[in-house]
Amino acid sequence: MKKKLWIWLSLLLVIPGFLIVTSCAKKAVKPDITQEDEAAKLAAEKAKQEEIARQRALDEKRRQLDEKRLKEEAAMRKIIAARNLFMNEDIYFDFDRSDLKPETQKILKGKAKWLRNNFGESVIIEGHCDERGTNEYNLALGDRRAQSAKNFLIDLGIAESRLTTISYGEERPADPRHNEDAWSKNRRDHFVLE
Amino acid sequence: MLNKSVIKIIFICLIATVFFLIESAECRTEYDYIDINNPFIRKIPIAVPVFKSISGSGGEKFLSQEASNLLSKSLEFTGYFKIIDRDAYLVDPEKLDIIVSNINFKNWTGIGAELLITGSLFLKDNIIEMELRLYDTFKGLLIVGKRYKGVVNNQRKMIHRFCGEVIYKLTGNRGIFDSKIAFVSTSSRNKNIYLCEFDGRNPEQLTYNKSIVLSPAWSSDAKWIAYTSYAKGKPDLYIKHLKDKHGAIVAKKGINITPAWVPGKFSLAATLSFSGNSEIYLLTGTGKIIKKLTNNWGIDVSPTFSPDGDKMAFVSNRSGSPQIYIMDLDSGQVKRLTFQGRYNTCPNWSPRGDKIAYSGMGNGQINIYTIDVDGESPALQLTHDAGNNESPTWSPDGSLIAFSSTREGPCRIYVMTAYGTDQRCLLALPGEQTDPEWSPRVIDN
Amino acid sequence: MKAKFLISTFRERLRKINLNLLMKESMFAPSYLFRGTGNDPLTLFLPFAVSLVCHAIFFAILIYFPIHTPYNKKLLHSVINVSMVTLPAQGSASGPAGEIELKSKIQSTQPKKARVPKIPSKTSSNADQSRSKTVYVATKKGRKIKESLKKKTFKPSKVVKNAITRIEKQVEDSRPNPVIEAINRLKTKVGSSEARDIGAKGEGLTGQGGNIPGGALTTGYLALKPIDIYKAEIPYHIEKNWAFSEQLSGGHTDLVAVVVIKIMQNGEIKDIWFEKKSGDSYFDESAFKAVKKSDPLPELPKEYLKPYYNIGLIFTPSGLKKGHD
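Residues numbered from 1 in each chain as written. Chains lettered and ligands numbered in written order. Predicted model: local features only at pLDDT ≥ 70, side-chain atom pairs only at ≥ 80, totals over all residues. Heavy atoms only, no water.

**Q** Describe the overall build of chain A, listing the residues and the values that go with them.
**A** In terms of helices and strands, chain A carries 5 helices and 4 strands. The linear arrangement of helices and strands in chain A, starting from the amino end, is α-α-β-α-β-α-β-α-β. With the model as given, the accessible surface of chain A reaches about 12700 Å², and the carbon-plus-sulfur share is 60%. (Helix = DSSP H or I, 4+ residues; strand = E, 2+ residues; numbered from the N terminus. Areas by Shrake-Rupley, 256 points an atom, 1.4 Å probe, with all protein chains shown as cover.)

Here it is as structure tokens:
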């Protein structure tokens with residue numbers, strides 16, 4: 001690698017040398033060009049070449065640093081995305097149910113993985129219900145929904161101390177409309193990182 | 001032998017004929033029967049003429065008008081009475097007689113009034129003196145008469161005290177006139193507890209949380225109130241003295257919800273889920289656990305006690321759907337009460353002890369039902385096709401039920417009789433009102 | 001609910017049946033006796049003769065005391081038939097002539113218009129109609145009320161009329177078409193026993209429609225007597241004035257009180273007495289007040305010749321349930 005670089009550098013020096021020689025040959029017709037001038041010119045040329053080379057090396061270095069930073073940034077973004085996904089991906093329930101459906105369990109497995117990779121994080125599991133049914137019962141049902149997610153995560157090896165539950169019953173709907181579409185969005189567990 | 005028998009036969013025949021004749025003669029005085037089984041008027045028609053002003057001054061007249069109107073309204077609120085329109089009176093209001101010896105009761109029976117309340121009012125130096133009398137117009141008898149004296153500001157209290165007398169004479173119960181209703185309202189943007197009088201008047205805010213406050217519950221001396229609040233971020237139980245504002249907090253892991261006071265005791269039941277499952281516990285008034293009442297894998301929530309405190313009804317989904325169960329607190333035996341429908345919650349035990357009101361879901365609607373505690377007759381549906389109706393609560397005399405309903409869009413508090421008649425909105429406040437809880441009689445207020 | 005009353009009527013019936021049995025015994029007992037002693041044709045003839053005499057007496061009594069023949073509630077109902085379309089003219093001595101179009105009225109909304117047979121005097125029905133409307137209003141304002149009732153309009157300025165229409169409305173609201181209902185009620189009660197009765201009597205009834213028979217009849221001919229129409233109207237008049245709060249009674253719907261009233265020719269209620277009290281003083285009082293408020297009732301029909309008419313009113317709050325089911 002380095003050798004190649006040197007070859008390149010020497011080539012860079014030699015080729016312009018030839019060019020200068022040829023141009024000088026032409027100029028040699030001119031009688032006023034002296035040997036000293038020639039030598040001075042050559043020296044200047046050389047310095048210039050060196051300067052350029054250094055510049056390039058610097059550029060290269062900068063580029064490499066940039067690349068590295070970008071990579072790091074991408075990784076960071078990925079981490080943040082994972083974190084956001086963890087917080088934003090709710091799990092949903094059927095009416096008056098608190099059992100976890102297969103797709104829900106898949107989501108929870110993902111969350112467990114994330115929690116395993118992020119030792120420091122603790123999570124609050126919020127249990128919610130749709131507006132149907134009565135407030136009091138829904139408070140208990142929301143609690144149960146949060147509990148069932150919590151228990152599932154514990155089974156997947158997450159320390160209980162990292163998991164807290166809060167039931168909001170029907171007090172905090174995600175979708176305030178009064179139809180099945182909204183209700184199905186409201187029967188959920190929401191995950192909040194402390 | 002033969003002759004004898006013939007004589008015997010003839011004798012018998014004769015006796016028979018005589019009996020028959022007597023029977024016929026008897027029937028001469030008998031009469032037909034017809035069935036009368038459908039009263040058209042399902043309330044007691046009562047006349048409440050404007051009270052007589054003793055001095056006749058303007059202020060006095062105004063107060064008389066106000067007092068008699070309040071009396072009419074308060075009596076009407078109970079659902080027992082039909083107030084006869086004053087325009088139908090045969091008696092000149094200026095020449096109203098208020099004492100039994102002067103009253104011509106025919107004037108009142110003639111317009112269908114079965115009861116009559118007369119009153120007189122005397123105002124002097126901001127002190128009013130009222131004499132109020134309740135008459136049976138058909139018998140021409142004074143049922144009860146009272147004299148009240150106090151500052152003008154206490155007029156409302158005086159009138160309500162007399163209403164209490166009237167109801168007491170008719171039902172043997174003091175009624176609702178000194179009771180209050182606690183409820184949850186979003187008038188201040190956040191859910192907070194408010195109190196108002198039995199008829200929805202004078203609403204006042206009780207809690208000033210910036211979170212969510214739910215499920216108010218009165219102690220049976222009406223001095224304490226327990227409720228659920230998210231003030232600390234999760235549903236905790238607050239037990240507060242209404243006047244002194246001191247109290248206790250139960251803030252265990254999980255939910256701490258649906259308090260219900262044990263009648264006559266400084267202890268209450270509530271649902272706690274610190275064990276990982278929601279169970280009903282018996283707590284002291286200071287928030288210490290006395291014992292666990294339910295023990296079941298399912299949800300157990302919303303306790304309510306029989307008036308004698310021996311039994312507790314609650315909601316459990318142990319059968320797969322929320323239903324109401326009754327637990328005998330001595331034996332711990334649990335019996336399922338509701339079998340109609342798949343979603344029956346919010347039980348509230350009548351102060352009379354015989355019925356439980358609850359809200360049940362059917363055909364996508366939630367309605368109020370009452371059911372006999374013995375569970376032997378089918379539940380009676382009290383609300384029909386009028387939004388969702390939840391959280392029934394009995395008045396202290398068991399004659400009325402307050403509940404929340406979305407019949408007019410936003411959720412508001414409504415009142416009806418124990419038979420579902422006379423459904424009306426209790427009060428109109430901004431925001432939504434839910435979770436009404438009728439207090440016992442407030443003795444010292 | 002009505003169990004107690006039914007028991008009492010049943011007891012009464014039993015007594016009557018016993019009597020009949022007694023008679024039968026008297027007729028058949030001899031045959032047993034004779035069977036024991038031998039088969040003399042003469043001895044057989046004797047019971048026959050006795051039986052004949054008895055029958056003769058029996059029918060004689062029937063003919064002589066048609067009005068006072070004992071009949072009980074059930075029999076009474078069984079002979080009232082309200083589902084007919086028209087009433088053929090009656091040939092019976094006291095029966096009125098005329099047609100009644102009850103069925104068509106049943107479908108119409110104005111129960112009070114239900115035409116009552118064209119009794120010559122035509123007073124009773126009309127008189128009671130106007131009277132029935134003035135429940136809350138006595139003589140003084142009578143005229144005004146009638147007006148407002150006729151117009152049935154809402155003039156906000158005239159509060160009096162307002163109030164009255166409201167009262168009227170409430171009365172109607174609380175139980176729409178009361179007469180119709182009363183009639184229907186009768187009809188259903190009669191319905192079941194009707195067929196049996198027709199079968200038993202086998203005469204006097206035509207296929208299309210039936211008759212309102214004379215109240216006093218148990219057998220034989222059927223006649224519509226004005227007093228029966230009068231009787232059928234009474235529940236409406238009393239119930240209209242009956243104020244009873246289910247709420248106040250504590251939801252007891254198994255109360256029964258029997259009030260007997262003596263109605264004079266002019267409709268005045270002369271005597272009111274309880275044959276049976278329910279035990280619930282509020283209920284009993286409400287029944288008593290209902291009768292008091294209904295005084296005077298419509299005049300007795302002119303054809304009714306006796307100076308007064310006694311009738312037992314069986315008060316039960318069973319109709320309340322219908323109100324909000």
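**Q** Outline the overall build of chain C, supporting the account with residue identities and numerical values.
**A** Summing up its helical and strand segments, chain C has 12 helices and 3 strands in all. Counting over 325 residues, chain C shows a buried share of 48%. The contacts of chain C with a sequence gap of at least 6 include a subset with a gap of at least 24, amounting to 68%. Of the roughly 16600 Å² that chain C leaves accessible, carbon and sulfur atoms contribute 60%. (Buried < 20%, exposed > 50% of the residue type's maximum accessible area, 1.4 Å probe, protein only. Contact = heavy atoms within 4.5 Å.)

**Q** Describe the packing of aromatic side chains, and please don't skip the residues or the numbers.
**A** All names here are of chain B. Scanning the entire structure with this criterion turns up 29 aromatic pairs over all chains. Look at Tyr 89 and Trp 108: their rings are 4.9 Å apart centre to centre, the planes differ by 75°, and that puts the pair in the edge-to-face class. Of the two residues, Tyr 89 is situated in the loop between strand E4 (81–83) and helix H3 (106–109) and Trp 108 in helix H3; the sequence distance between them amounts to 19 residues. The exposure classification of Tyr 89 matches that of Trp 108, with both residues buried. Aromatic pair Phe 105 and Tyr 135: ring centres 5.6 Å apart, planes at 65°, arrangement edge-to-face. (Phe/Tyr/Trp six-rings, centres within 6.5 Å; stacked < 30°, edge-to-face > 60°.)

**Q** Lay out unusual backbone geometry in plain terms, naming residues and giving numbers.
**A** For the bond from Asp295(C) to Pro296(C), the omega torsion is 0°, close enough to zero to count as cis. Even without glycine at this site, Ser215(B) takes up a positive phi of about 50°. Note on placement: Ser215(B) falls in strand E11 (residues 213–218). Taking the relative accessible area as the measure of exposure, Ser215(B) reaches 6% and is therefore buried. We note that Ser302(B) has phi near 55°; this positive angle belongs to a residue other than glycine.

**Q** Describe helix H2 (residues 58–77) of chain B, naming the residues involved and giving the relevant values.
**A** For H2(B), built from 20 residues, the straight-helix expectation of 28 Å at 1.5 Å per residue is met to within 8% by its first-to-last C-alpha distance of 28 Å. Just beyond H2(B), the residue with positive phi is Gly79(B), at close to 85°. (Expected span 1.5 Å × (residues − 1).)

**Q** If you had to explain the confidence of the model for chain C to someone new, which residues and values would you point to?
**A** Interpretation of the predicted coordinates at a detailed level should be avoided for regions scoring low in pLDDT. All names here are of chain C. Put simply, chain C has an average pLDDT of 57, and 32% of its residues get 70 or more. Per-element confidence in chain C ranges from a low mean pLDDT of 35 for helix H3 (residues 73–79) to a high of 92 for strand E1 (residues 257–264). Low confidence marks residues 17–39, where pLDDT is under 50. Its contacts with residues over four positions away, or in another chain, come to 23 contacts. pLDDT under 50 marks residues 189–221. Its contacts with residues more than four places away, or in other chains, come to 74 contacts. (pLDDT = per-residue confidence, 0-100.)

**Q** Got a sec to walk through the sheet that holds strand E8 (residues 180–188) of chain B? Specific residues and values, please.
**A** All names here are of chain B. Spatially, the 4 strands line up as an open sheet ordered E10-E9-E8-E31, and their pairing is antiparallel. Either end of the sheet is taken by a strand with one partner, and the two such strands are strand E10 (204–205) and strand E31 (433–438). In the sheet, E8 pairs with strand E9 (residues 190–197) via 7 bridges, with the strands oriented antiparallel. Pairing of Ala 182 across the sheet is with Leu 195, part of E9. (Pairing = 2+ DSSP bridges.)

**Q** So, the pattern of salt bridges: which residues are in play, and what are the values?
**A** Residue and element names in this part refer to chain A. The tally for this structure, following the rule as stated, stands at 40 salt bridges over all chains. Here Glu 121 makes a salt bridge to Arg 83, at a shortest N to O gap of 2.1 Å. With Glu 121 in the loop between helix H3 (102–117) and strand E2 (123–128) and Arg 83 in helix H2 (residues 35–88), this residue pair connects regions lying 38 residues apart in the sequence. Looking at Glu 121, the relative accessible area reads 16%, which means it is buried. (Salt bridge = Lys/Arg side-chain N within 4 Å of Asp/Glu carboxyl O.)

**Q** Quick one: what's the story with helix H4 (residues 155–171) of chain B, residue by residue and with numbers?
**A** At 3.6 residues per turn, the α-helix brings residues three or four places apart onto the same side. All names here are of chain B. A rise of 1.5 Å per residue sets the reference length of H4, with its 17 residues, at 24 Å; its end C-alpha atoms lie 24 Å apart and thus fit the reference within 8%. Those residues of H4 that sit buried are Gln 155, Arg 156, Met 158, Ile 159, His 160, Phe 162, Cys 163, Gly 164, Glu 165, Val 166 and Ile 167. Looking at the buried side of H4, the elements it contacts are H2, E4, strand E5 (115–124), strand E6 (127–136), strand E7 (141–151) and E9. Backbone geometry just downstream of H4 places Gly 172 in the positive-phi region, at approximately 80°.

**Q** Give a detailed account of the packing of H2(B) against H4(B), specifying residues and quantitative values.
**A** Residues and elements named next belong to chain B. The geometry of H2 relative to H4 is characterised by a closest axis approach of 10 Å and an angle of 40° between their N-to-C directions. The angle between H2 and H4 places the two elements in the oblique class. Of the two elements, H2 crosses H4, and the hand of that crossing is right-handed. Taken together, the residues of H4 that come into contact with H2 (itself represented by Leu 63, Glu 66, Ala 67, Leu 70, Leu 71, Ser 74 and Leu 75) are Gln 155, Arg 156, Ile 159, His 160, Phe 162, Cys 163 and Val 166. (Axes fitted to C-alpha atoms, helices over the stretch in contact; angles between N-to-C directions. Parallel < 35°, antiparallel > 145°, perpendicular 65-115°, else oblique. Left-handed = near helix turned anticlockwise from the far one by under 90°.)

**Q** Residues and numbers for the packing of helix H9 (residues 226–241) of chain C against helix H11 (residues 281–294) of chain C, please.
**A** In a packed pair of helices, the relevant descriptors are the angle between the two axes and the axis-to-axis distance. Residue and element names in this part refer to chain C. Viewed as axis vectors pointing N to C, H9 and H11 meet at an angle of 110°, and their least axial separation amounts to 8 Å. One finds that H9 runs roughly perpendicular with respect to H11. Relative to H11, the crossing made by H9 is right-handed. The segment H9 lies against H11, with His 237, Ile 238 and Asn 241 engaging Ala 290, Val 291, Lys 293 and Ser 294. Taken together, the residues that form the contact of H9 with H11 break down as 3 nonpolar, 3 polar and 1 charged. (Nonpolar A, V, L, I, M, F, W, Y, C, P; charged D, E, K, R; others polar.)

**Q** Talk me through the pairing of strand E24 (residues 355–362) of chain B; I want residue IDs and the actual numbers.
**A** All names here are of chain B. Of all 8 residues making up E24, 6 are buried, and the element is well covered by its neighbours. Pairing between strand E23 (residues 344–349) and E24: 4 bridges, direction antiparallel. Directly across from Asn 344, in E24, lies its bridge partner Gly 360. Count of turn residues in the E23/E24 antiparallel hairpin: 5 residues, of which Gly 353 carries a positive phi of about 90°. Two elements, E24 and strand E25 (residues 365–372), share 8 bridges in a ladder whose sense is antiparallel. Its bridge partner being in E25, Gly 360 is matched across the sheet by Asn 367. Connecting E24 to the next strand, E25, in antiparallel fashion are 2 residues, including Asn 363 with a positive phi near 55°.

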